[in-house]
Amino acid sequence: MRSIARAARPEVERWLARGVAVLLALLVCFPLLGHGYTLSYDMVFVPDPALNGRTLGLDGSVPRAVPMDFLVALLARVAPVPLLQQAALLFCVGGAALGAWRVSPARTLPGAAAAATAYAWSAYVAERLVMGHWSLLLGYALLPWIVRACVVAGREPARIPRAVVLLTAAGAAAAPTSGVLTGVLVLALVWLLPFEARPRLAVSGAVVVFNLVWALPGALATGVLDRSSTGVEAFAVSADTPLGGAVSALTGGGVWNHLAQPASRVDTPVSAVITLVLLAAAGLGLAVLLRHRDSDRGRDGDTRRRVLLVLIGLGLLGLALAVGSTTEPGRDALASVVAHVPGAGILRDAQKWLAWWLLLVAYAVGPGLERLVRAFPTPQAAFLLVAGALLPVIALPDLAAGVAGRLERTDYPEEYAAVARLLDEQPDEGALVVVPWHAFRAWPWDDRRTVLDPWTRMVDRRVVVRDDLELTSGVVAGEDPVAADVGALLAEGRFDAEHLRALGIRYVLVDRSTAGVPVADVSGTVLHDGPLLQLTGLGAVTVDPDRPRGIGFLVAVDLLGAGILTLMLVEFTLAAARRLIRFRPSLSLGGSSNR
């Protein structure tokens, strides 16, 4: 199969890999490109996002989007927010595809393409896009690039791998779960590949520092994560195929919110069966790679063996967490860990950890397909390999076009920006509370899609919204103690200016266009009374806000992380410049020169 071999056509591979990545990204994201914002569940981008202490976790709140909110708000000063969002979404798909292609051990072009489609065109990507977990998908897209960067850096084991440090920083900045997914992979590779002590320690220290940027605010937050079994049960893998939860996890799906599951998987078993066929090919590919492991010689062979061991270990760990959550003993064990281990609450959403499993599947699927077609002549083998690469798209056609139209562009009404400006012009003291008392909104101007309340990102002050997660199976308790107090006032019928001011709340915003039980008018000064929003000022607050703990320590960690990142960026840029200077193409024509 020399005519389709990667080694025989490096230039063709380079452009074909990019073309496939761009094509997949556009197939998914083309309805989302242009003017407007894509809003769905946790995916909340707003005009002119606030740049304040909350974005770095300095206000005492639980840091769910630290420091990504800070980076988005910072970049919004120089680029339109819709452009930032669309670039991120394109990378979630295209970056994942290109990274999987580049790291695949497949020997043929269609085999590498199969790795790209298996990784980027999956139920995991579809369901997390609908859930709005774009920052998690950024970390997912970074995983194959981390493997590639570690392999390349391992050829110079005495040097600190700058690219690995930069990718580690990107993963930690994306989201807490992304930080764990990428950080654990980096640590496993750096300590198992033949790096020397200095780069190992340097990279390990960078992983710790970058992840402390979000982990430390979480440890010092005034809120307390729910450690009951309710959250573990609510976030367990939910069957999105007729074949059950274990098969859903095996095939990369099973997000806990059934409203985010693709119809092609839910309605019939065909999608899961096709994906199981692809998994069988990946299993064969894994056997091929394990068999070749014993025959590999030299440093490159040793590196491939160690990478394979890391991918197998983490892949099986991620699969075990997900499948375990479908069983009662597994949920009990996870609930016990969450209850007794600080920070283990991040494990509750067990399906997230399938990212490692899908990386292993993508890594092995190319060699497996190549082994299956080895007996065929090249033309037929090439055709069958291309067909194998298309299996993920055939299995999940509704990932295309914004997950079958579930994601679309919209724009905020002008009234929202006007009220945000009005609030920012008011005295700094006092928080804002938003009612109806729900964590999520559903507006007619966004086709009634469920979206997390946006006001925490829109104004430069403390915003109190309900942070309990309301599910059909029950309520997962939130972490904000002030929100809990506001909920108690509403339940007791004491939602009035006096009691709200005692909690440090100075403004009440009524969102008239969303679903929910309206509250009685609160006495105060009406600052805005429009068709969509009403803003009322309650007067000066009667309590001083609590000073968050450990601000100096948090700032020091942020500065240390920023310093390491800046140093690596400078060194990376200088190294690139040196390579460019050394590359001096001849300007002569036809081999002649004028001297």
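Residues numbered from 1 in each chain as written. Predicted model: local features only at pLDDT ≥ 70, side-chain atom pairs only at ≥ 80, totals over all residues. Heavy atoms only, no water.

Asker: I tried to follow the packing of aromatic side chains on my own but got confused; where do I start?
Answerer: Geometry of an aromatic ring pair is reported as the spacing of the ring centres plus the angle between the planes. One pass over the full model with this rule turns up 13 aromatic pairs. Summarising the aromatic geometry, the rings of Y124 and Y140 are spaced 4.9 Å apart at their centres and angled 25° between planes, so their arrangement reads as stacked. Residue Y124 is located in helix 5 (residues 123-130), and its partner Y140 is located in helix 6 (residues 134-153); the two are separated by 16 residues in the primary sequence. Note on Y140: relative accessible area 0%, which makes it buried. Ring centres 4.4 Å apart and planes at 10° place the aromatic pair W443 and W445 in the stacked group. Like W443, the residue W445 is buried in the burial classification. An aromatic cluster of at least three residues, connected via ring pairs, comprises Y37, Y412, Y416, W443, W445 and W455. Here R18 stacks its cationic end above the ring of W15, 4.6 Å away from the centre of that ring. (Phe/Tyr/Trp six-rings, centres within 6.5 Å; stacked < 30°, edge-to-face > 60°. Helix = DSSP H or I, 4+ residues; strand = E, 2+ residues; numbered from the N terminus. Buried < 20%, exposed > 50% of the residue type's maximum accessible area, 1.4 Å probe, protein only. Lys NZ or Arg CZ within 6 Å of the ring centre and 35° of its normal.)

Asker: How do you make sense of the packing of helix 8 (residues 176-192) against helix 9 (residues 197-220) when you look at a structure like this?
Answerer: When two helices pack together, their arrangement is given by the angle between the helix axes and the distance between those axes. At a minimum axis distance of 10 Å, the contact between helix 8 and helix 9 shows a crossing angle of 170°. When the interaxial angle is binned, helix 8 and helix 9 end up roughly antiparallel. Contacts from P176, G179, V180, G183, V186, L187, V190 and W191 of helix 8 reach helix 9 at P199, R200, L201, V203, S204, V207, N211 and W214. Counted by class, the contact of helix 8 with helix 9 contains 11 nonpolar, 4 polar and 1 charged residues. (Axes fitted to C-alpha atoms, helices over the stretch in contact; angles between N-to-C directions. Parallel < 35°, antiparallel > 145°, perpendicular 65-115°, else oblique. Contact = heavy atoms within 4.5 Å. Nonpolar A, V, L, I, M, F, W, Y, C, P; charged D, E, K, R; others polar.)

Asker: Is there a simple way to explain the pattern of salt bridges in this structure?
Answerer: When the charged atoms of two side chains with opposite charge come close together, those side chains can pair. Counted by the stated rule, this structure contains 19 salt bridges. Salt-bridge contacts for R457 lead to D69; the nearest nitrogen and oxygen are separated by 3.3 Å. In this pair, R457 is assigned in helix 20 (residues 455-458) and D69 in helix 2 (residues 68-75), connecting sequence segments 388 residues apart. The same class applies to R457 as to D69, namely buried. (Salt bridge = Lys/Arg side-chain N within 4 Å of Asp/Glu carboxyl O.)

Asker: Looking at this structure, how should I read the confidence of the model for the protein?
Answerer: As a general rule, the predicted coordinates of low-pLDDT regions are not to be interpreted in detail. Mean pLDDT over the protein stands at 91; residues scoring 70 or higher make up 94%. Segment residues 586-595: pLDDT under 50, and 0 contacts once partners within four positions in sequence are set aside and those in other chains are kept. (pLDDT = per-residue confidence, 0-100.)

Asker: Just checking my understanding: could you explain the packing of helix 7 (residues 162-174) against helix 23 (residues 551-582) for this structure?
Answerer: Interhelical geometry of helix 7 versus helix 23 gives an angle of 140° and a closest axis separation of 10 Å. Considering their axes alone, helix 7 and helix 23 lie oblique with respect to each other. As for the relative orientation of helix 7 and helix 23, their crossing is left-handed in sense. Residues R162, A163, V165, L166 and A169 of helix 7 touch helix 23, and the partners they reach there are I564, L565, M568, L569, E571, F572 and A575. The residue makeup of the contact of helix 7 with helix 23, split by class, is 10 nonpolar, no polar and 2 charged. (Left-handed = near helix turned anticlockwise from the far one by under 90°.)

Asker: Would you mind showing me how to read the pairing of strand 9 (residues 505-511) here?
Answerer: The side chains of a regular strand alternate between both faces of the sheet. The buried fraction of strand 9 amounts to 6 of the 7 residues, a majority that puts the element mostly inside the structure. Pairing analysis gives 5 bridges linking strand 3 (residues 431-435) to strand 9, with the strands arranged parallel. By the bridge assignment, V434 is partnered in strand 9 with L509. (Pairing = 2+ DSSP bridges.)

Asker: Looking at this structure, I do not really get the pairing of strand 3. What am I missing?
Answerer: For strand 3, a buried count of 5 out of 5 residues is recorded, marking the element as mostly surrounded by other parts of the structure. Neither face of strand 3 is open: one carries A431, V433 and V435, the other L432 and V434, and all of them are buried. By the bridge criterion, 2 bridges tie strand 3 to strand 6 (residues 463-464) in an arrangement that is parallel. Paired with L432 across the strands is V463, a residue of strand 6.

Asker: Mind showing me how you'd approach the side chain of N211 here?
Answerer: The topology assignment puts N211 in helix 9. Its relative accessible area of 11% is what places N211 among the buried residues. Once you skip the residues sitting within four places of it in the chain, N211 turns out to touch A172, G179 and V180.

Asker: Looking at this structure, I do not really get the sheet that holds strand 6. What am I missing?
Answerer: Paired through their backbone hydrogen bonds, the strands of a sheet run either parallel or antiparallel. The strand order 6-3-9-11-10 describes an open sheet built from 5 strands, whose pairing is mixed. Pairing within the sheet leaves two strands with one partner each, and these edge strands are strand 6 and strand 10 (525-529). Seen against the sheet, helix 19 (residues 414-425) touches strand 3, strand 9, strand 10 and strand 11 (533-537) and runs at an angle of roughly 10° to strand 11.

Asker: What is the right way to look at the environment of G563 in this model?
Answerer: By the element assignment, G563 lies in helix 23. Owing to a relative accessible area of 38%, G563 belongs among the partly exposed residues under this scheme. Note: C-alpha distance between G563 and P176 (387 residues apart in sequence) is 20 Å.

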